[in-house]
Amino acid sequence: MGLSNGIVQGADLQKRTVLRELQAHSGPVSPLRFLSQEKKLGLLHVDDQSLHEWDLTHWRRTRALPIAASPLPAPPGHPVAFSPDEQWCLTIGWNRTSLLTDLTTGRASSPNLDIMRATGAAYSPDGKLFAACSLDGYAKLWETETWREITAPLGGFLSPVHG
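Residues numbered from 1 in each chain as written. Predicted model: local features only at pLDDT ≥ 70, side-chain atom pairs only at ≥ 80, totals over all residues. Heavy atoms only, no water.

Below, the discussion takes up the overall build of the chain. Secondary structure summary: the chain contains 0 helices and 14 strands in total. Mapped from its N terminus to its C terminus, the chain presents α and β elements in the order β-β-β-β-β-β-β-β-β-β-β-β-β-β. Expressed as lengths along the three principal axes of its C-alpha atoms, the size of the chain is roughly 45 × 35 × 35 Å. Counted over contacts in the chain with a minimum sequence separation of 6, partners at least 24 positions apart contribute 28%. Surface summary for the chain: the accessible area is close to 9,200 Å², and the carbon and sulfur share equals 54%. Taken together, the 15 basic and 16 acidic charged side chains of the chain have centroids lying 3 Å from each other. (Helix = DSSP H or I, 4+ residues; strand = E, 2+ residues; numbered from the N terminus. Contact = heavy atoms within 4.5 Å. Areas by Shrake-Rupley, 256 points an atom, 1.4 Å probe, with all protein chains shown as cover. Lys, Arg positive; Asp, Glu negative; His and termini not counted. Charge placed at Lys NZ, Arg CZ, Asp CG, Glu CD.)

If you want it as structure tokens, here you go:
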């Protein structure tokens, strides 16, 4: 779990004990996902909206990754999704911005996903599809080879869509 003081705690949930603490940042952090068969951890630094990768074998930060820019005021956090093969990281900003980073080369591009006020994002298990949802009550679906939207927005929700 991430804390407001920049500490990340790893816990044994069955024994209800903290196994290890990591001072990841001076401000609030949000753990996103274990990577590389639980040998790495993706963290979001909430205050400066930056994404960082930590090596859990040596307990050190290995790199910082770019994320999609959002104009302020935007809520803390960005939808962040890692492809199942961990080659790609896609972040979506608050105002139709997105950034797709190749984690093997570090190169980034900006697919035009055209989604406002995104609240969540995920790749399909095979990595061929990508979905994102919006605070405005809709979700969209794209195929990842060309980033072409493959259906009309899924809407009709009476409240925001979060996941």
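Sheet strands pair by backbone hydrogen bonding; their relative direction is either parallel or antiparallel. Sheet architecture is open: 4 strands sit in the order β3-β4-β5-β6, paired in antiparallel fashion. Looking at the sheet topology across the chains shown, the edges are occupied by β3 (29-35) and β6 (60-65). Pairs of neighbouring strands in the sheet enclose a mean axial angle of 25°, with direction left out of account. Pairing of strand β5 (residues 50-55) with β6 involves 5 bridges; the strand directions are antiparallel. When the bridges of β6 are listed, H52 appears paired with A64. (Pairing = 2+ DSSP bridges. Axes fitted to C-alpha atoms, helices over the stretch in contact; angles between N-to-C directions.)

As a further point, take the side chain of K140. Note that K140 resides in strand β13 (residues 139-143). When near neighbours in sequence (up to four residues on either side) are disregarded, K140 contacts L113, D114, F130, A131, A132, E149 and P153.

Another aspect to go through is the environment of S36. Here S36 shows up in the loop between β3 and β4 (40-45). Each C-alpha atom of the pair S36 and K140 lies 28 Å from the other, and the pair is 104 residues apart in sequence.

Let us look at the pattern of salt bridges. A complete count under the given rule lists 7 salt bridges for this structure. Residue R96 is joined to D114 by a salt bridge in which the shortest nitrogen-to-oxygen separation is 2.4 Å. Taken together, the positions of R96 in the loop between β8 (88-92) and β9 (98-102) and D114 in the loop between β10 (108-109) and β11 (118-123) put the pair 18 residues apart, joining distant regions of the chain. Assessed through its relative accessible area of 34%, D114 is described here as partly exposed. With a shortest N-O distance of 3.7 Å, K140 and E149 are connected by a salt bridge. Assessed through its relative accessible area of 7%, K140 is described here as buried. Salt bridges sharing partners connect three or more residues here, namely R96, D114, K140 and E149. (Salt bridge = Lys/Arg side-chain N within 4 Å of Asp/Glu carboxyl O. Buried < 20%, exposed > 50% of the residue type's maximum accessible area, 1.4 Å probe, protein only.)

Okay, the confidence of the model for the chain next. The predicted model of the chain averages 84 in pLDDT, with 93% of residues at 70 or higher. Model confidence for the chain, summarised as mean pLDDT per element, is weakest for β3 at 81 and strongest for β13 at 95. (pLDDT = per-residue confidence, 0-100.)

Within the largest apolar cluster, 13 residues are counted, with the highest numbers of intra-cluster contacts made by L90, I92, L113, I115, F130 and W147. Of all elements in the fold, only β8, β11 and β12 (129-134) reach the threshold of two or more residues within this core. Every residue in contact with W147, bar those within four places of it in the chain, is listed here: L90, L100, P111, L113, Y123, F130 and W142. Of all hydrophobic cores here, the second largest spans 9 residues; its members include L44, L51, L65 and C89. (Core = buried A, V, L, I, M, F, W, Y, C linked by side-chain atoms within 4.5 Å.)

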